[in-house]
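What follows is each chain in one-letter form.
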Amino acid sequence: MSRAAEKKPVGFATQLTAGGIAGAMEALCCQPLDTIKVRMQLSKSGRAPGTKPRGFIATGAMIVRRETPLALYKGLGAVLSGIVPKMAIRFASFEKYKAWLADRETGKTSVGNIFLAGLGAGVTEAVLVVTPMEVVKIRLQAQQHSLADPLEAPRYRNAGHAVYAIVREEGFSALYRGVTLTALRQATNQGANFTAYQELKKFAHNLQPELTDLPSYQHMVIGLISGAMGPFSNAPIDTIKTRLQKSEAVPGQSAFQRIAAIAGDMWRQEGMRSFYKGITPRVLRVAPGQAIVFAVYERVRKVMETLQGSSEDRIHSE
């Protein structure tokens, strides 16, 4: 039996704390890349014949020049307010689904069932946290106003005001615009992410049987590789979702009709490349983000388990 299989299931409190800290670190480090990605996905540049879409470096430079460097962190409040429950739900639901799908005799979970557990975790976090968080984040990131000019008032002042305004003007359901696409994106992301991470981690342990725990840099490398797989597989879904969540609802038009209209408009006016707008900053944001998440999660979890073990030993010795 592998070391991973011998470990006790991680408690919910540990998942909450470790996941929350890991998510907060990821957001603080990677939010600028996410803002650039969103602006690229919403950009209409490159439509004119003979012109190319604005690249991610040019997009980032334009944001800094027009709106100050702080603009790269637009929407950070929405991300941080949702990152703790998001990560707690991701890791807790994955472990729960993984346990449900494990072989009852051996207690091991096959690769296929790990992928299913990842799909389930992605759908769960998308429905409970990610969709409303991203609707608010994208609305904030889409505002092209300068933070250096106090007279240039944005439509949404902060995450709380954005939630209030969206619900008041468009109804509560507006916070769940694009939930199907978000669930599909998160499901494929986490299915690929957790499967690759678990298998690469197992492979690393087999290469180093003398190690009880992998060092943090190896968790980061494994997380980097596993995190890069999702964006390439679902970039069109993410781009359509971003445009859907940025726009307001059209009376009498269903969500499916809106998705079809957005996709059709992108295809006719911008071509196939438009579905992959923002792929570079997305990979640069998601892959290092997952490296940070898994490295911090594993480290915090190990520290908490050590502290819990020390507390239990002290109680038993008294």
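Just above sits the structure.
To keep things clear, this report deals only with the structure shown in the data block. A quick note: this is a predicted structure, and the numbers were derived from the prediction, not measured. (Residues numbered from 1 in each chain as written. Predicted model: local features only at pLDDT ≥ 70, side-chain atom pairs only at ≥ 80, totals over all residues. Heavy atoms only, no water.)

**As for the side chain of glutamine 41**
Short version of the rule: Only runs of H or I of at least four residues qualify as helices and only runs of E of at least two qualify as strands under DSSP, and these elements are numbered from the N terminus. Three exposure classes are used, based on accessible area relative to the maximum for each residue type with a 1.4 Å probe and protein chains only: buried under 20%, partly exposed in between, and exposed over 50%. Two N or O atoms form a polar contact when they lie within 3.5 Å of each other; inside protein one atom must be a possible hydrogen donor and the other a possible acceptor, and for residues adjacent in sequence the pair counts only when both atoms belong to side chains. By definition, residues are in contact when any of their heavy atoms lie within 4.5 Å.
Among the secondary structure elements, glutamine 41 is positioned in helix H2 (residues 12–42). When its relative accessible area of 1% is taken as the criterion, glutamine 41 is described as buried. Polar side-chain contacts of glutamine 41 include one of 3.5 Å to the side chain of threonine 239. With residues near it in sequence (within four places) discarded, glutamine 41 still touches Asp238, Thr239, Thr242, Arg243 and Lys277.

**Thoughts on the packing of helix H5 (residues 111–142) against helix H9 (residues 229–246)**
When two helices pack together, their arrangement is given by the angle between the helix axes and the distance between those axes. As a reminder of what qualifies: Here the axes come from fitting lines to C-alpha atoms, over the contacting stretch only for helices, and the angles between their N-to-C directions go from 0 to 180 degrees. Oblique is the label for every angle not falling under 35 degrees (roughly parallel), over 145 degrees (roughly antiparallel), or within 65 to 115 degrees (roughly perpendicular). Three categories are distinguished: nonpolar for Ala, Val, Leu, Ile, Met, Phe, Trp, Tyr, Cys and Pro, charged for Asp, Glu, Lys and Arg, and polar for the others, with Gly belonging to the last.
Across the interface, H5 lies against H9 with an axial gap of 9 Å and an inter-helix angle of 75°. With respect to each other, H5 and H9 are oriented roughly perpendicular. Residues Thr131, Glu134, Val135, Ile138, Arg139 and Ala142 of H5 pack against Lys241, Thr242, Gln245 and Lys246 of H9. For the contact of H5 with H9, the residue count by class is three nonpolar, three polar and four charged.

**Points about the packing of aromatic side chains**
The test is simple: Two rings from Phe, Tyr or Trp (for Trp, the six-membered ring) form a pair when their centres sit within 6.5 Å of each other. Planes less than 30 degrees apart are called stacked, planes more than 60 degrees apart edge-to-face, and all others tilted.
Per the counting criterion, the structure on display carries eight aromatic pairs. Judged by centre distance (5.7 Å) and plane angle (55°), the ring pair of tyrosine 97 and tryptophan 100 falls under tilted. Within this pair, tyrosine 97 and its partner tryptophan 100 are both found in helix H4 (residues 76–100), separated by three residues, close to a single helical turn. For the pair phenylalanine 172 and tyrosine 176, a centre-to-centre distance of 6.1 Å together with 45° between the ring planes defines the contact as tilted. Members of the aromatic cluster, connected to one another through ring pairs, are Phe91, Phe94, Phe194, Tyr197, Phe294 and Tyr297.

**Observations regarding the pattern of salt bridges**
What counts here: Salt bridge criterion: a side-chain nitrogen from Lys or Arg within 4 Å of a carboxyl oxygen from Asp or Glu.
Using the criterion set out here, one finds 20 salt bridges in the structure. One salt bridge connects arginine 168 with glutamate 169, and the closest N-O pair in it is separated by 3.2 Å. Assessed through its relative accessible area of 54%, arginine 168 is described here as exposed. Classification of glutamate 169 as partly exposed rests on a relative accessible area of 42%. Salt-bridge contacts for aspartate 238 lead to arginine 185; the nearest nitrogen and oxygen are separated by 2.6 Å. In this pair, aspartate 238 sits in helix H9 while arginine 185 sits in helix H7 (residues 179–207), placing the two residues 53 residues apart along the sequence. Judged by its relative accessible area of 0%, aspartate 238 falls in the buried class. Each of Asp34, Lys37, Glu134, Lys137, Arg185, Asp238, Lys241 and Arg282 takes part in a single network of salt bridges with overlapping partners.

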